Structures are given as C-alpha cells and as structure tokens.
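Summary of the model geometry
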Amino acid sequence: MSRLTDLLRQVRGTDAQLGADLEKEFSALTKRRSFGLVFERHQPEAVELPGQPIRRGAKVRILQPRGETSKGDSRLWRVDSIESDIAGKQIAQLIELVKEVPERMTAPTEDLVVVAEFDDKIYPGLVETGRVERGGDKPFHTVINAENFHALEMLTYTHRGKVDAIYIDPPYNTGARDWKYNNDYVEGDDDYRHSKWLAFMERRLLIARELLNPDDSVLVVTIDEKENLRLGMLLEQTFPEARIQMVSSVISPKGSARRGMFSRADEQICFVFLGSATIVPWQTDMLRQGGTANTQQVRWKSLLRSAGNGLRTARPNLFYPLRFDSKDGTFLGAADPLAVSEDRRDYEQIEGETLVWPLGEDGRELTWSLGKTTLLKNHANGYVRFGPWNGGSRTPYYLTSGQIKDLESESGVLKVLGRDADGALLLAYGDAGRQFQPLTVWNLVSHSATEHGTAVVKSLLNNRPFPFPKSVYAVEDALRFFVAAKPEAVVVDFFSGSGTTAHAVMRLNRQDGGRRQCISVTNNEVSADEQGKLRKQGLRPGDAEWECWGICDYITKPRIRASITGKTPDGEAIKGDYKFTDEFPMAEGFEENAAFFTLTYEAPLSVRHNRAFERIAPMLWLRAGATGPVIDDLGDRGWDISSVYAVLENIDDAESFFDAIRGAEAVHTVFVVTDDDAAFQMVCRELRTDLNAVRLYESYLQNFEINQGRGF
C-alpha cells in the first residue's frame, strides 16, 4: 500500500487531475470487502532437523538444557564459525537472524539443532532403514520418515503427475495437542490457529497438486466441523478446475459429546475429482442396502498382461501359445512355455491349428496372467472365455480369483445363467452382487473408528497406543471407488499416522490381485505426554532413546511390517480376523513388499560431484516404479541394471552396458550420470527408442531449483 501511495504522489506532481482520478479509484478499491478465503499466507513455517550436522552457515535453534520441560528459545541463529575450546568441545559462534541489531552469542554444537524454513532450498535424499518382502515381483509400498512438506517436494522429482489418488487425514485443529506449527503445539486459545492451519495446509496441497495425474486422479481429505468450511474453500481455490463433493461419514455411532451441542457422530470427507476421474459403483450405496442398482455386465479380465512387469523376460513361464482350430476358432488347448532363449518363430506349428501368443499391439512379447496348468483347469470349469473368431485370433479373458471365490462360495454375488459354445460360464450379478452408486451420507458398521481402527492397531502392535486411528475398512471403501479399475494405481498419504492407508491398499490388492502401491509419509514426532517424560530423563530429539518412541519408528513401520507378515513386533501370530469385504485371519498377512526410508538433506555440490549417489539412489528407484532391488552401488564397471531400470556412470567404457541393456526388455528407464550434454546425447542414440533416458544430476538439481519459486 505504501508503494502505491508514493506512486500516486508522483503522478499528482506531474498531472494533478490524473492523480486525483487514480486516487479516487484506489480509495474505492481499498474499501471493497474481500470475498473468499482470507488468511495470513506468509506466516513463517520451519522444522527442526535433529541429527543433521552443525556446520558453518547452518541455520539453527538453541535447545533447552537437558532435563528442562519448559519452552526453549524459539529464535533462529546462523552459525558464523566453529572452534574447539580447551577441553576439545566444539563451540559455535552464533549471529541472530534478524534484520536489525542482531545479537551474538556462543553455544556448544551439541546444544544446537539445524532448522529448515520452507523457503530454504533443500536437496533431498533417502536412507533405507529396513524392508519386508513377501510379494515377489510386486512394487514396494514405501514409508518415508520426514517432514511431509519436504517429502512432498522430494516426490515432485519421482512422481510428478503420476499419482492416481491421495488420501490424507490432516490434523483437525481441535485445540488439542495434536499438531505443531514452528515446533510449538497450536493451542485452542491461539487467535491465529485457523490462519496457521490454512497456511500449513495450503503449502502442502499446492505441492500435492503437482503429484496428481491431471487427467484422471482424486484427492481425498477427511476433516471435522472445526475446519470443514475453510477446507472446502481452500480446496476450491487450490483446485479451481476440479469437481468437489463432500460426504458425511459416521465414524462414531455412540457419538462424541459437545457440551450443550449435538454429539458428533460423523466426519466430512472431501473428494476432489481431477480430469476424467469418476466413481466405480459398489455393492452398497454406503447408507443402506437396497436402492436402484446400475445394470452392469460381469467384467471378465483380459488374459494378456500388458504392464511393465508383463514382458516375457520377466516371467518366462507365462509365455506360451494358445491353440485354436484354424477353420472355426475352436479352442484346442495350450502348448508348453518357451524358454527365453527360444524364438517363437521357430516353434513347429501343427497343420490346421492357429497359435495365439501373448503379444502387444506393437509386437512386444508379453505374458498371459495364468500359467498353462491353471488356464486349462479354469477353462474346464468355465472360468475362461474367448472373444469372437476373426479368422486368425481370439482374445482370451478370465475370471479373477475374487470372482471365482464368489462363485464357489455360492454367496449370491454372481449367478450362473448357463454356458456358451466354448463351455465358458454365462454370468450375471445376483441380488447380492448388484452395483450401486454411492450416496453422500455413509453409515456402515465397518467404518466405526473404535472397533475397526483402534482395535485393529492394538491387535497388530500388542496394545501400543495410538490416538484416533481410522477404520481400515473406511479408508479401503473411500479408495475403492477410484482405484478399483486401476490395479496398478499409485496412492500417496502424506499424513499417514499409523499407516492405515497403506494397510487399506494391501487389502484392495488381495481382493482383486492388484499391484497397487502406497507411499506413506510421516514424521517421527513423539507424543506430547511422552515428551514430558523423556525430557525429565534428560533426553532430547535426536537421542536414540527419544527417537525410538516416535510415531514412525514406534507405530507406522511396525504396523506395516505386522500387516504384511501377520506377526506382532514380538513375533507372535496376530490374533483376530479381518471382516466385511474380505474375511480371513490377520495372521495370514499379505503377499506384499514394503521398504522404509528416512529423508536426508544433501549439499548440492556433493550431488553434482556424484558424492551423494548412495542417498539419491532410492529416489531413482522410486521414480522407476519401486520394483525390485535398489541400485545403490555401481561397482568397478560403473553401471548396473535392475529389474526395471538402469544407471550408467562410466560413459567412457559403456559398450558392455549397451550390450546388456539390449537384452533387458523389462527395463524402461535409464539414468545417465554426466554433466556433458554431448555425452548424454551419445548414450541416448545407443539406447532403444522406447527407453526413458534421464540425465543426472541435471534433472535432479533443476527440479529442486524450480521448487524454490513457489512463493511460500
């Protein structure tokens, strides 16, 4: 405003009438009421990074003395220099980060913690802290221990525009000690708590927007009455092109008391539809059984596997021909699989027969979804059918394991009307299998947070406490409407808490054989009550005895591990059964993979000079689909090839790499480490045209330079 006033004064000095006219219009504008959501967008936000080394130039805070529970010094300081005292202790010379008259002081480096403000440039990496593997060649679910704002910035390099669904359950801003802003709990009597919450959320939603596939994806946000109105307006402003609906979902049938007011039994779920995203109907309207069902044909799945893992080289035992009569297309059976070394064109064909191989439209050698023995068995039972004979081929389809289970259990979901000429079953949905369009009010027993959130976490973790976990079935249902037809969907939850979203994605995969993956982000914050106890013991953030009680290490990672293995952290079989859509003992676990990481902060010079490759490597693995092992050591030859991606550093001696990559048909991405554009282009000329070549570290550094232009 002051700048505009100065300009108006200058105009009046040269043209009095023009100055008066402009001042009149300016005055009218300043008196207008502001419509829409108005809040302090530029309130500062920062995060402490325990464990980060204290170096000259670092931005730091001074920790309160050990044993003290009172609030510490919140000021920010810059490390001017570090010297050793007589006893050999490292002492930092500090300058206060203020514009006018900065204070100077000294402090031991052990009493300092590095701080990152959200307009600081960061160059992230990842360090793996464990994994569990029971899913064969399935993509890995990932859990990232990090400040979620920085984790989202990291994901812009690995998943920009690739995410199918984001599900988040952010802090509800109830005034309880459940979330922090600038390392302080936001209390209920804070006059700026709504503004802080909106600024906190907007920063993250703006980056989340970059991750979502703009052509077909959904953002799901749960909230209660404290912020639902503001959240709705924030979503409208952040996603102006989207379609937004709000659902009311009963999560506490007994109700949560509000003194002198209605007891709250529900929460709101905001659904933000991007692009062509639509809802897949389900077997209930989410409010009651009944209603008007959509008339839908039973969907048979294509036998051809066309995803990245469907190449012949990935599963040779699934590459075999189907035999048909050349005259009328009658199915005659299936031949044995071919070894990778055998050429299908050398296969001896019987006269009068036509062979159908699992080939893509571009001629690529893919695979079938069923092995020969299973295919023939299922065909005999009527679970495999074929499309019309076109004189040279018939398209094969099959029923999924879930559909077969429905048929064999006589649940009424599917009913048999007869068989076609090939013996395949003619099916229709039974009364129990009708499909409904969901309503905007959900009232299902399975969504009760107490019985199916808190109780499930206790079963998995031997009664470890976690406040207000979501019902795993509620999250499962919310996601199903959008990923049921996307068996390889990527789902992100950057307020992952106990890990319910990843757990729900695993259940969805089990129900239809999907290969969906979930990226879960949570910090390692210790609960407010536990912090007081630990501080009295002289502990501080960064101490191993402190960090072991953090949410990521104590709850999230153990829950994901327990869900997959079927065993508690103590090694005991989990007691109890899953219910509702898919009922089975929790001790069975899931055929899934998961990897756990902690976010690191790298120096750009180290990245550029390839001295941070070990920490950048997991990001390359994530970008390539989180499948198979991580390439984190290139060895003496200077290159390596994993199941779906490759890394080349030694360009001067790359002939052996080029020979190897030609035979690696499942590889779809190659990362080339070079600062020479001509060398990079030379490598690209030698690679298959279907490969995605990425230049390191230009793409990495450029991505995080761009991230700094957000205006936070």
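These figures come from a predicted structure and were not determined experimentally.

Rules behind the numbers
- All residue numbers refer to positions counted from 1 along the written sequence of the respective chain.
- Reporting in this predicted model follows two pLDDT cut-offs: at least 70 for local features of residues, and 80 or more for side-chain atom pairs to be given and counted; totals over whole chains, interfaces and linings ignore these cut-offs and use all residues.
- To get the side-chain values, all heavy atoms of the structure are used, and hydrogens and water are removed first.
- Counting from the N terminus, the helices are the DSSP runs of H or I reaching at least four residues and the strands are the DSSP runs of E reaching at least two.
- The axes used here are C-alpha line fits, helices contributing only the stretch in contact, and every angle between their N-to-C directions lies in the interval 0 to 180 degrees.
- It is the rotation of the near helix from the far one that decides the hand of a crossing: anticlockwise by less than a right angle makes it left-handed, clockwise makes it right-handed.
- Residues are treated as being in contact if the distance between any of their heavy atoms lies within 4.5 Å.
- Under the scheme applied, nonpolar residues are Ala, Val, Leu, Ile, Met, Phe, Trp, Tyr, Cys and Pro; charged residues are Asp, Glu, Lys and Arg; polar residues are all the others, including Gly.
- Between any two strands, at least two bridges found by DSSP are needed for them to pair.
- When two rings of Phe, Tyr or Trp (its six-membered ring) have centres within 6.5 Å they constitute a pair, described as stacked for plane angles under 30 degrees, edge-to-face for angles over 60, and tilted for the intermediate range.
- Remark: exposure states derive from per-residue accessible area (1.4 Å probe, protein chains only) relative to the maximum for the residue type, with buried under 20%, exposed over 50%, and partly exposed in between.
- By the criterion adopted, a ring carries a charge over it if an Arg CZ or a Lys NZ lies within 6 Å of its centre and within 35 degrees of its normal.
- Counting of polar contacts relies on pairs of N or O atoms within 3.5 Å, with two restrictions inside protein: one atom must be capable of donating a hydrogen and the other of accepting it, and residues adjacent in sequence are counted only when both atoms are side-chain atoms.

This part covers unusual backbone geometry. With an omega dihedral of 5°, the bond running from Leu696 to Tyr697 counts as a cis peptide bond. Here the phi dihedral of Asn462 falls at roughly 55°; this positive angle occurs in a residue that is not glycine. Tracing the backbone shows Asn462 in the loop between helix H8 (449-461) and helix H9 (472-483). The phi dihedral of Asn610 falls on the positive side, at around 65°, and the residue is not glycine.

Angle between the axes and distance between the axes are the two parameters that describe a pair of packed helices. The geometry of helix H4 (residues 193-211) relative to helix H5 (residues 228-238) is characterised by a closest axis approach of 10 Å and an angle of 35° between their N-to-C directions. Viewed along their axes, H4 and H5 form a crossing whose handedness is right-handed. Only Arg230, Leu231, Leu234, Leu235 and Thr238 of H5 make contact with H4, whose side of the interface consists of His194, Trp197, Leu198, Met201, Glu202, Leu205, Leu206 and Arg209. For the contact of H4 with H5, the residue count by class is eight nonpolar, two polar and three charged.

A word on the sheet that holds strand S4 (residues 90-96). With antiparallel pairing, six strands are arranged side by side in an open sheet as S1-S6-S2-S3-S4-S5. A strand with exactly one partner marks an edge of an open sheet, and here the two such strands are strand S1 (46-49) and strand S5 (104-108). Averaged over all pairs of adjacent strands, the angle between strand axes in this sheet comes to 45°, irrespective of strand direction. As paired strands, strand S2 (residues 59-62) and strand S3 (residues 77-84) are joined by two bridges and run antiparallel to one another. Note on S3: the bridge partner recorded for Val60 is Trp77.

All right, on to the packing of aromatic side chains then. This structure, assessed with the given rule, holds 26 aromatic pairs. When the ring of Trp549 is compared with that of Tyr554, the centres are 5.0 Å apart and the planes differ by 50°; the resulting orientation is tilted. Using a relative accessible area of 35% as the deciding quantity, one classes Trp549 as partly exposed. By the ring-pair criterion, three or more aromatic residues cluster together here, those being Phe271, Phe273, Trp442, Phe481 and Phe482. Between Arg204 and the ring centre of Phe200, over which it is positioned, the NZ or CZ distance is 3.9 Å. The lysine or arginine in question, Arg623, covers the ring of Tyr157, its NZ or CZ lying 4.6 Å from the ring centre.

What follows covers the sheet that holds strand S34 (residues 692-696). Reading across from one edge, S31-S32-S33-S34 is the order of the four strands in this open sheet, with mixed pairing throughout. Of all strands in the sheet, those with a lone pairing partner are strand S31 (639-641) and S34, marking the two edges. Here the strands of the sheet are splayed against their neighbours by 15° on average, with no regard to which way each runs. Here S31 runs beside strand S32 (residues 645-648); their pairing, made up of three bridges, is antiparallel. Its bridge partner being in S32, Ile641 is matched across the sheet by Ala646. Against the sheet, helix H16 (residues 655-662) touches S31, S32 and strand S33 (669-673), its axis set at about 5° to S31.

Let us now look at the side chain of Glu227. In this fold, Glu227 is placed in the loop between strand S12 (216-223) and H5. Look at Glu227 and you get buried, because its relative accessible area is 0%. Within the structure, the side chain of Glu227 is placed 2.6 Å from the side chain of His194, a separation counted as a polar contact. The contact partners of Glu227, leaving out residues within four places of it in the chain, are Tyr172, Asn173, His194 and Trp197.

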